[in-house]
Amino acid sequence: MIDLRSDTVTRPTEGMRREMLEAPVGDDVFGEDPTVNRLEEHVADLLGKEAALYAPSGTMTNQIGIQVSTNRGEEVLLHEGSHIFVYEAGAPAMLSSVQLRTLAGENGVLSPETVSAAVRQEDVHFPRSRLLCLENTHNTSGGKVFPLEDFAAAAARAKDLGLKVHLDGARLFNAQAATGTPAREWCVHADTVSVCSSKGLGAPVGSLLAGDEETIREARRARKAFGGGMRQAGIIAAASLYAFENHVDRLGEDHRRASDLAAGLREAGYEAAEPETNLVLVAVERPSEFLQALAREGVLATPGRPGFVRLCTHLDAGDEDIQTAVEAAARITATPV
Ligand SMILES: Cc1ncc(COP(=O)(O)O)c(C=O)c1O
């Protein structure tokens, strides 16, 4: 099977496994795991933030980001297709008792005007607008980069209006690879940033939340409360550290393969927009039938937004796999579903 469902399906590499085996460890809830501490320092530095906190998943680092910047009953503004709204099981309501207000914007981009129009006046009837969450790259729009200027403008407007800004940067390094702009340039405009090592970077598990010292101290409490305090976590943190040190620079390869995949699919008669990063959205009339047909041909993909399926390139998908996937899809167009 060629698995193009997500960049989360990768297996740890040999180098990664070696680092895991040899990692010095301690009790991270006591702050005594040297490998976790190294990872947190490394990622804080990469993102240009004072501190970072290691957690099991991107969902958890997003939710901690929300928890530390909001109070009960307040409102969080975010794109209608954002991962936090669509795919995090209603966690902001469950864990932080906040209300989500979804906003429209092409390719996940929210304009300053959209932000201004959504921020509530101070009035006893209204929830208080407290936090703006932005996502880069934007998953449901097909891995689109949030252009730096637009990002800075939306974040500046939110700050002017008294809001905090959280960046869901699960694939922030894909934005860096696609544009050549260092990830930290986006982070300057956000109070908290979540990044994942388990997506394109290929680690088996692990995300980090970065911010200033005080915010990350609070985040450490929230992580404990959410059940994310881990003990000899250096065993897995070693894989994340390896991923940040060795796999950031290869993300461009995934992007090139996504572009090859989209070109091959277009040649086979599909409508597939040119990807900016590692996610390819293909328009199909009946996504679930198409996915079943593709699986019968030995290729796995996922539903995208309505009317689309999504294929994702990653560390474990080489040029031959992409070619095989294109040939499989071409066999399906020969017998339309
Ligand atoms: C944009 C985005 N944010 C957050 C997450 C959540 O990450 P996790 O699966 O580690 O909880 C994902 C997962 O794919 C994602 O695509």
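Look up a bit, the structure's there.
Small disclaimer: the values here were computed from a predicted structure and weren't measured.

Participant: Lay out the overall build of the protein in plain terms, naming residues and giving numbers.
Facilitator: Counting secondary structure elements, the protein contains 14 helices and 13 strands. For the protein, whose C-alpha radius of gyration is 20 Å, the value lies close to the compact-globule estimate of 20 Å for 337 residues. Within the protein, buried positions represent 54% of all 337 residues. A sequence separation of at least 24 residues applies to 74% of the contacts in the protein between residues at least 6 apart. On the protein, roughly 14,600 Å² of surface is accessible, and the fraction owed to carbon and sulfur atoms is 48%.

Participant: Describe the packing of helix α1 (residues 14–22) against helix α11 (residues 234–246), with residues and values.
Facilitator: One can describe the packing of α1 onto α11 by two numbers: an axis separation of 8 Å at closest approach and a directional angle of 140°. Classed by the angle they form, the pair α1 and α11 counts as oblique. Crossing geometry of α1 relative to α11 is assigned as right-handed. Taken together, the residues of α11 that come into contact with α1 (itself represented by Gly15, Met16, Glu19 and Met20) are Ile235, Ile236, Ala238, Ala239, Tyr242 and Ala243. The class makeup of the residues in the contact of α1 with α11 is 8 nonpolar, 1 polar and 1 charged.

Participant: Lay out the sheet that holds strand β7 (residues 192–196) with the relevant residues and their values.
Facilitator: With mixed pairing, 7 strands are arranged side by side in an open sheet as β2-β8-β7-β6-β5-β3-β4. Two strands close off the open sheet at either side, each with one partner strand: β2 (51–55) and β4 (99–103). The mean inter-strand angle of the sheet, taken between neighbouring strand axes irrespective of direction, is 20°. Pairing of β2 with strand β8 (residues 207–211), which is carried by 5 bridges, proceeds in the antiparallel orientation. In the sheet register, tyrosine 54 faces β8, and the bridge partner there is leucine 208.

Participant: Please provide a residue-by-residue account of the site of the ligand, values included.
Facilitator: Around the ligand, the neighbouring residues are Ser57, Gly58, Thr59, Asn62, His83, Glu88, Glu135, Asn139, Asp168, Ala170, Arg171 and Lys199. In the model, a nitrogen atom of the ligand is placed 2.7 Å from a nitrogen or oxygen of the aspartate 168 side chain. Contact distances for the ligand include 2.8 Å between an oxygen atom and a side-chain N or O atom of arginine 171. About the coverage of the ligand: the protein hides 84% of its 390 Å² of free accessible area. Among the elements that line the shell around the ligand, the one with the most residues is helix α3 (residues 58–69), at 3 residues. Residues belonging to the shell around the ligand are distributed by class as follows: 1 nonpolar, 6 polar and 5 charged.

Participant: Would you mind going over α11 in detail, with residue names and values included?
Facilitator: The end-to-end C-alpha separation of α11 is 17 Å, in line with the 18 Å expected for 13 residues at 1.5 Å each. Among all positions of α11, only Gly234, Ala237, Ala238, Ala239, Ser240, Leu241, Tyr242, Ala243 and Phe244 are buried. Elements that come into contact with the buried residues of α11 comprise α1, α2 (34–47), β2, α8 (172–179), β7 and β8.

Participant: Outline a negative patch on the surface, listing residues and values.
Facilitator: Judged by side-chain charge, Glu50, Asp212, Glu213, Glu214 and Glu218 come together as a negatively charged surface patch. Mapped onto the elements of the fold, glutamate 50 is located in the loop between α2 and β2. On the accessibility criterion, glutamate 50 (54% relative accessible area) is exposed.

Participant: Summarise the packing of aromatic side chains; cite the residues concerned and give the values.
Facilitator: Aromatic rings in a pair are described by how distant their centres are and how their planes are angled relative to each other. With the rule as written, the count across this model stands at 3 aromatic pairs. The interplanar angle of 85° and the centroid separation of 5.2 Å between the aromatic rings of phenylalanine 146 and phenylalanine 151 together place this pair among those described as edge-to-face. The burial state of phenylalanine 146 is the same as that of phenylalanine 151; both residues are buried. Relative to phenylalanine 290, the ring of tyrosine 270 lies with its centre 5.6 Å away and its plane at 70°, an arrangement referred to as edge-to-face. Of this pair, tyrosine 270 sits in the loop between α12 (251–267) and β9 (271–272) while phenylalanine 290 is found in helix α13 (residues 287–296), placing the two residues 20 residues apart along the sequence. Across this residue pair, the class does not change: tyrosine 270 and phenylalanine 290 are buried. Taking the ring centre of phenylalanine 126 as reference, the NZ or CZ of arginine 120 above it sits at 5.9 Å.

Participant: Provide a residue-level description of the pattern of salt bridges, including the pertinent values.
Facilitator: Two side chains of opposite charge can pair, provided their charged atoms sit close to one another. Using the criterion set out here, one finds 20 salt bridges in the structure. A salt bridge links arginine 256 to aspartate 260; its shortest N-O distance comes to 2.9 Å. Placement of both arginine 256 and aspartate 260 in helix α12 is noted, with a separation of 4 residues, approximately one turn of the helix. For aspartate 260, a relative accessible area of 36% translates into the label partly exposed. Glutamate 274 is paired through a salt bridge with arginine 266; the nearest N and O atoms lie 3.1 Å apart. Among the residues examined, glutamate 274 registers a relative accessible area of 41% and is labelled partly exposed.

Participant: Give me the environment of alanine 177: which residues, what numbers.
Facilitator: Position of alanine 177 among the secondary structure elements: in helix α8. Each C-alpha atom, one on alanine 177 and one on leucine 251, is 6.2 Å from the other, the two residues being 74 residues apart in sequence. Setting aside anything within four residues of it in sequence, one finds alanine 177 in contact with Leu251, Gly252 and His255.

Here is what the cut-offs are and how they apply
- Residues numbered from 1 in each chain as written.
- Predicted model: local features only at pLDDT ≥ 70, side-chain atom pairs only at ≥ 80, totals over all residues.
- Heavy atoms only, no water.
- Helix = DSSP H or I, 4+ residues; strand = E, 2+ residues; numbered from the N terminus.
- Rg over C-alpha atoms; globule rule 2.2 N^0.38 Å.
- Buried < 20%, exposed > 50% of the residue type's maximum accessible area, 1.4 Å probe, protein only.
- Contact = heavy atoms within 4.5 Å.
- Areas by Shrake-Rupley, 256 points an atom, 1.4 Å probe, with all protein chains shown as cover.
- Axes fitted to C-alpha atoms, helices over the stretch in contact; angles between N-to-C directions.
- Parallel < 35°, antiparallel > 145°, perpendicular 65-115°, else oblique.
- Left-handed = near helix turned anticlockwise from the far one by under 90°.
- Nonpolar A, V, L, I, M, F, W, Y, C, P; charged D, E, K, R; others polar.
- Pairing = 2+ DSSP bridges.
- Near = heavy atom within 4 Å.
- Polar contact = N/O pair within 3.5 Å; in protein donor to acceptor, adjacent residues only side chain to side chain.
- Expected span 1.5 Å × (residues − 1).
- Patch = residues over 30% accessible without salt bridge, like charges linked within 9 Å, V, L, I, M, F, W, Y side chains within 5 Å.
- Salt bridge = Lys/Arg side-chain N within 4 Å of Asp/Glu carboxyl O.
- Lys, Arg positive; Asp, Glu negative; His and termini not counted.
- Charge placed at Lys NZ, Arg CZ, Asp CG, Glu CD.
- Phe/Tyr/Trp six-rings, centres within 6.5 Å; stacked < 30°, edge-to-face > 60°.
- Lys NZ or Arg CZ within 6 Å of the ring centre and 35° of its normal.

Everything listed is a geometric property; what it means functionally is a separate question.
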